[in-house]
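A closer look at the structure
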Amino acid sequence: MATEEKTTKVVNSKKELVRFSYAHVFEPRAIDENSAPKYSCSILIPKDGSDDFLQAIDEAIKVAVEEGIKNGHFAAKDTKSPKFKWPLKDGDDEKDDDEAYQGMYFVNANATKKPGVKGTEKDEFDNLISLTSEEEFYSGCWGRASITFFAYGKKTPSKGIGCALNHVQKIKDGDRLSGGASAEADFEDDDLD
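Here is a short report on the structure shown in this document. (Residues numbered from 1 in each chain as written. Predicted model: local features only at pLDDT ≥ 70, side-chain atom pairs only at ≥ 80, totals over all residues. Heavy atoms only, no water.)

Our focus in this paragraph is the overall build of the protein. The helix and strand inventory of the protein stands at three helices and nine strands. The N-to-C order of helical and strand elements in the protein reads β-β-β-α-β-α-β-β-β-β-β-α. C-alpha extents for the protein along the principal axes are approximately 70 × 45 × 35 Å. The 193 residues of the protein split such that 38% are buried. Long-range pairs, those at least 24 residues apart, make up 68% of the contacts in the protein with a sequence separation of at least 6. Here the protein has roughly 12,300 Å² of accessible surface; of this, 47% comes from carbon and sulfur atoms. Across the protein, the mean location of the 27 positive side-chain charges is 13 Å away from that of the 38 negative side-chain charges. (Helix = DSSP H or I, 4+ residues; strand = E, 2+ residues; numbered from the N terminus. Buried < 20%, exposed > 50% of the residue type's maximum accessible area, 1.4 Å probe, protein only. Contact = heavy atoms within 4.5 Å. Areas by Shrake-Rupley, 256 points an atom, 1.4 Å probe, with all protein chains shown as cover. Lys, Arg positive; Asp, Glu negative; His and termini not counted. Charge placed at Lys NZ, Arg CZ, Asp CG, Glu CD.)

Encoded structure:
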């Protein structure tokens, strides 16, 4: 009988889409002058209808905690501390002033290596075609995310579980969260005839 492999990597299904916010997947961005530029994205997970994905995240975080203890990033007692940083957050509590986060859980994922950014179209070799601009993949669109959870604390003052951004896939459009409308939306009612 085969045993199920424990993993820290999770990918949501097309049945449980996530929404992307603060998407910086084409160019790395520093959060302040003292930090290195990174690719990043806040991944919004609907509280309703995301049971399988949330369960996979919970299991991946548990594996990351086990690895963190085993590799000396922190001790088991550290996970009980209010200072321990957990990656999955409740948007209703943490971002109560941001409407996009209401009814959502979220994780902030980042990477030093550029993530793959894909759409749903395929090329002649049956490979997903990459998206190349913020017009195609933007804060507010919906899709799939490949993320990996990891322990930190061995060489940093804080201890916790972080989230690495592997790849993203846009499945459908959504209202832009950047505060601006698309050119198509601005000009759709103009009848030139």
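A few words on the nonpolar core. Ranked by internal contacts, the top residues of the largest apolar core, which has 34 residues, are F20, I43, F137, I147, F149, I161 and L165. Listed by contribution, the elements that provide at least two residues to this core are β2 (18-29), β3 (38-46), α1 (51-70), β5 (104-111), β8 (142-152) and β9 (160-172). The leading source of residues in this core is α1, at seven residues. Grouped together as the second largest cluster of nonpolar side chains are seven residues, L44, A100, Y101 and M104 included. (Core = buried A, V, L, I, M, F, W, Y, C linked by side-chain atoms within 4.5 Å.)

To continue, consider the layout of surface pockets. In this structure, the largest pocket occupies an estimated 570 Å³ of space. Lining the largest pocket are 18 residues, and of these I31, S40, N108, A109 and N110 sit closest to its centre. Partitioning the lining of the largest pocket into residue classes produces eight nonpolar, seven polar and three charged. In this structure, the second largest pocket spans a volume of roughly 280 Å³. Every element with two or more residues in the lining of the second largest pocket is listed here: β5, β8 and β9. Among the elements that take part in the lining of the second largest pocket, β9 stands out by supplying three residues, more than any other. (1 Å grid on protein atoms, 1.4 Å probe; cavity = no way out; pocket = protein on both sides within 12 Å on 5 of 7 lines; lining within 4 Å. Points joined across faces, edges and corners; volume = space filled by probe spheres on them. Nonpolar A, V, L, I, M, F, W, Y, C, P; charged D, E, K, R; others polar.)

The tally for this structure, following the rule as stated, stands at five aromatic pairs. A ring pair is formed by F20 and F137, whose centres lie 4.9 Å apart and whose planes are at 50°; its orientation type is tilted. Residue F20 is located in strand β2, and its partner F137 is located in the loop between β7 (128-130) and β8; the two are separated by 117 residues in the primary sequence. In this structure F20 comes out as buried when scored by relative accessible area, which is 0%. Relative to F84, the ring of F74 has its centre 5.0 Å away and its plane inclined at 90°; by these criteria the two rings are edge-to-face. Of the two residues, F74 is situated in the loop between α1 and β4 (89-90) and F84 in the loop between α1 and β4; the sequence distance between them amounts to ten residues. Members of the aromatic cluster, each reached through a chain of ring pairs, are F74, F84 and W86. One cation-aromatic arrangement involves K47 over Y105; the distance from NZ or CZ to the ring centre is 5.2 Å. (Phe/Tyr/Trp six-rings, centres within 6.5 Å; stacked < 30°, edge-to-face > 60°. Lys NZ or Arg CZ within 6 Å of the ring centre and 35° of its normal.)

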